Amino acid sequence: MTISTTRTNWVAIRRDRTSSALDQCFAEGLTGHTVVKRDGKRLQLTDGTTVTEFVSCSYLGLESHPALAEAVVAATGVFGVHLSSSRNRMRPVYLPELEDLLGQIYPGTTPCVFTSTSNVHLGVLPLLASGSLPSYPIHGEPHFFIDRSAHASMQVLRGIFEQFGPVTRLRSAEPAVANETWEREAAGRTPIVLVDGVQSMTGLTAVSELARRLRSSGGYLYVDDAHGISIDGASGCGYAFNDFGGRLPDNVVLAGSLSKGFGGSGGFLLVSGPRDAAVVRKLANPLVFGHSVMVPMMAGNVASARLHLTAEIGTLQRRLWANAARLDELTGGRLANTGLRSPIRGAAFASEEEGLHAARVLRSRGIVMLPAFYPTVAHGTALLRFAVSSLHTEDDIRLLSSTLDSVGGYGADAVESDRRGIGV
């Protein structure tokens, strides 16, 4: 007798539902670009063409700032490129300095640096769920609620979460409905809600409202604000921390990125106090068993953190939001995320073929962006994502706008978003 071992799983579902659209983009040079040289937002590619990019998530252009470049070169001269050890065994002087500077950017918190935001999730969420963090006690067992728009790096950990308690997906775009969901389904348990602050494709999450509602249920909010770091708030604290009023609520854990708006490399965690951070440094798997950020990039992170504590960060933020507002004006409010305090804009299309056609037109006019298909967006649809930066010029914005006019079909209404003004 033969017993079938085939079972339905999320990888098989994704594999079987994913089309060849992304493969076509690679084959036609619409994505997967190999860069030979860069000058601001102008890229020279291996095929000899020069393009304007709306791909990079370095929204303030800090990765090309002279202060970061000089710090990287100096660190390489002193240390070489790496101290090959976990942070608990050996670390460069830049690591404690960076965490101290992050503590100034995020007053009242204890920061802890990881090699990536994804590793923050992997290391910290099991500790939170197990009741290991002193400031975040768990009553009963945890019940995870993952926002449907939360980043894949959290969604993929569902099997780990289920070792601690039930897992439910919800839509955070309507806080009152989300509140009703976790109060109904998490009775007798501690709700832990996982969301993005600035969503990687569209929208913003009302994090302060969710934290307030969770407080009455004895629950916790875990925010991945990777795309929100540096772009807003005092000292570039980012979207979520700014939405919290510059203070981390005691029922919130916040994960951020050093690799996007911050201009460096790695990720970081913000918790309520030093006792929580001590547990993380001792027990979080990526810190105990993994290596630390490469030394030159850690030095670059320190240089960026110092810049965050100067007036220059505000100047870069204003340029970013002026560019976003200009694009919104020129496109007549038809792009996804128009008017939002998000650096991401999107042109949505009802079919993958329409999206492919638009990507081809943009590429023919010297514009590259991020074409997204299922599973990044709804099955059968397409979204062309444009990352706006403080480095984009008026001509860049006009070129993008006029090219989008020629392809039509923005379809912004098809994309869910929490509309909140950017208020330049």
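The residue count restarts for each chain, going from 1 along the sequence in the order it is written. Under the rules for a predicted model, residues below a pLDDT of 70 receive no local features and side-chain atom pairs below 80 are neither given nor counted, while totals for whole chains, interfaces and linings still include all residues. Excluded from the side-chain calculation are hydrogens and water; included are all heavy atoms of the structure.

So, helix H13 (residues 295–308): which residues are in play, and what are the values?
In this description a helix means any DSSP run of H or I spanning at least four residues, a strand means any run of E spanning at least two, and both kinds are numbered starting from the N terminus. Multiplying 1.5 Å by the residue count of a helix minus one yields the expected span of that helix. Between its first and last C-alpha, H13 extends 20 Å over 14 residues, near the 20 Å set by a 1.5 Å rise per residue. Summarising burial for H13: 12 of the 14 residues are buried, a large majority. Lining the buried residues of H13 we find helix H3 (66–79), helix H4 (94–105), strand S4 (110–114) and helix H14 (312–330). With a 1.4 Å probe rolled over the protein chains alone, any residue whose accessible area is under 20% of its type maximum counts as buried; one over 50% counts as exposed, and the rest are partly exposed. What makes two residues a contact is simply this: any of their non-hydrogen atoms within 4.5 Å.

I'd like a description of the side chain of Arg-363, backed by residues and values.
Relative to the helices and strands, Arg-363 is located in helix H15 (residues 352–364). Of the residues examined, Arg-363 reaches a relative accessible area of 15% and is grouped as buried.

Report on the sheet that holds strand S14 (residues 382–387), specifying residues and quantitative values.
With respect to topology, three strands assemble into an open sheet ordered S11-S14-S13, the strand pairing being antiparallel. Both edges of this open sheet fall to strand S11 (344–349) and strand S13 (370–372), since each of them pairs with a single strand only. Strand-to-strand twist across the sheet, computed as the mean angle between neighbouring axes with direction ignored, equals 25°. Any two strands with at least two DSSP bridges between them are considered paired. Bridge count for S13 against S14 is three bridges, and the pairing is antiparallel. Residue pairing in the sheet places Pro-371 in a bridge with Leu-384 of S14. Axes, fitted as lines to C-alpha atoms, cover a helix only where it is in contact. Angles between the N-to-C directions of the axes lie from 0 to 180 degrees. Those strands touched by H15 are S11 and S14, and its axis lies near 35° from that of S14.

Please provide a residue-by-residue account of the pairing of strand S3 (residues 50–53), values included.
Bridging between strand S2 (residues 42–45) and S3 involves three bridges; their strand directions are antiparallel. Note that in S3 the partner of Leu-43 across the bridge is Val-51. Between the antiparallel neighbours S2 and S3 lie four residues, among them Gly-48 with a positive phi of about 90°. Inspection of the sheet shows S3 paired to strand S12 (residues 367–368) by two bridges, in the parallel sense. Residue Thr-52 lies in a different strand from S12, and its bridge partner there is Ile-367.

Describe the packing of aromatic side chains, and please don't skip the residues or the numbers.
Aromatic contacts are taken between Phe, Tyr and Trp rings whose centres are within 6.5 Å, Trp giving its six-membered ring; a plane angle under 30 degrees counts as stacked, one over 60 as edge-to-face, and the others as tilted. Here the structure, examined in full by the defined rule, presents six aromatic pairs. Seen in terms of ring centroids, Tyr-106 and Phe-241 are 5.0 Å apart; in terms of plane orientation they differ by 85°. Their pairing is edge-to-face. Residue Tyr-106 is located in the loop between H4 and S4, and its partner Phe-241 is located in helix H10 (residues 239–243); the two are separated by 135 residues in the primary sequence. Centre to centre, the rings of Tyr-106 and Phe-268 are 5.5 Å apart; their planes meet at 40°, and the pair counts as tilted. Taken together, the residues span a long stretch of sequence, with Tyr-106 in the loop between H4 and S4 and Phe-268 in strand S10 (residues 267–271) at a distance of 162 residues. Grouping residues by exposure puts Tyr-106 and Phe-268 together as buried.

A description of the pattern of salt bridges should follow, citing residues and the corresponding values.
Salt bridges are defined by distance alone: a side-chain nitrogen of Lys or Arg within 4 Å of a carboxyl oxygen of Asp or Glu. Counting across every chain of the model gives 23 salt bridges. With a shortest N-O distance of 2.8 Å, Arg-38 and Glu-63 are connected by a salt bridge. Residue Arg-38 is located in strand S1 (residues 35–39), and its partner Glu-63 is located in the loop between S3 and H3; the two are separated by 25 residues in the primary sequence. Judged by its relative accessible area of 42%, Arg-38 is partly exposed.

So what about empty space enclosed by the protein? Which residues, and what values?
In this analysis, the protein atoms alone were mapped onto a 1 Å grid. Cavities are point sets where a 1.4 Å probe fits without being able to get out; pockets are open sets with protein on both sides within 12 Å along at least five of seven lines; lining residues have an atom within 4 Å of a point. Grid points are joined across faces, edges and corners, and a volume is the space filled by probe spheres set on the points. Applying the stated criterion to the full structure yields one cavity of 30 Å³ or more. Approximately 80 Å³ is the volume attributed to the largest cavity. The wall of the largest cavity is formed by 13 residues, among which Arg-87, Val-113, Leu-287, His-291 and Ser-292 lie closest to the centre. Every element with two or more residues in the lining of the largest cavity is listed here: S4 and helix H12 (285–289). Just so you know the grouping, Ala, Val, Leu, Ile, Met, Phe, Trp, Tyr, Cys and Pro go in nonpolar, Asp, Glu, Lys and Arg go in charged, and all remaining residues, Gly too, go in polar. When its residues are assigned to classes, the lining of the largest cavity shows seven nonpolar, five polar and one charged.

If you had to explain the environment of Tyr-222 to someone new, which residues and values would you point to?
With respect to the helices and strands, the residue Tyr-222 is situated in strand S8 (residues 220–224). Distance in space between the C-alpha atoms of Tyr-222 and Asn-251 is 8.6 Å, their sequence separation being 29 residues. Discounting chain neighbours no more than four positions away, the residues touching Tyr-222 are Val-120, His-121, Val-124, Leu-125, Met-154, Val-193, Leu-194, Val-195, Val-253 and Ala-255. N or O atoms within 3.5 Å of each other form a polar contact, as long as, within protein, one can give a hydrogen and the other can take it, and as long as residues adjacent in sequence are counted only when both atoms are side-chain atoms. Side-chain polar atoms of Tyr-222 contact the side chain of His-121, separated by 2.8 Å.

Hey, could you go over the nonpolar core for me, with residue numbers and the actual values?
To form a nonpolar core, buried Ala, Val, Leu, Ile, Met, Phe, Trp, Tyr and Cys residues must be joined to one another through side-chain atoms within 4.5 Å. If you look at the biggest cluster of nonpolar residues, it comprises 116 residues, and the most contacted ones within it are Leu-221 and Val-280. Residue contributions to this core peak at seven residues, all from H13. Discounting residues that sit within four places of it in the chain, Leu-221 has contacts with Val-193, Val-195, Val-207, Leu-210, Ala-211, Leu-214, Phe-244, Asn-251, Val-252 and Val-253. Within the second largest apolar cluster, five residues are counted, among which are Ala-348, Ala-372, Val-377 and Leu-383.

How would you explain the packing of H14 against helix H16 (residues 394–407) if you had to name every residue and give the values?
It is the contact of H14 with H16, at a shortest axis distance of 10 Å, that shows an interaxial angle of 30°. Classified by the angle their axes make, H14 and H16 are roughly parallel. In terms of crossing hand, the pair formed by H14 and H16 is right-handed. Every residue of H16 that contacts H14 at Asn-323, Arg-326, Leu-327 and Leu-330 is listed here: Glu-394, Ile-397, Arg-398, Leu-400 and Ser-401. Grouping the constituent residues of the contact of H14 with H16 by class yields four nonpolar, two polar and three charged. Small angles under 35 degrees read as roughly parallel and large ones over 145 as roughly antiparallel, with 65 to 115 read as roughly perpendicular and the rest as oblique. Note: crossing handedness is left-handed where the near helix turns anticlockwise from the far helix by less than a right angle, and right-handed where it turns clockwise.

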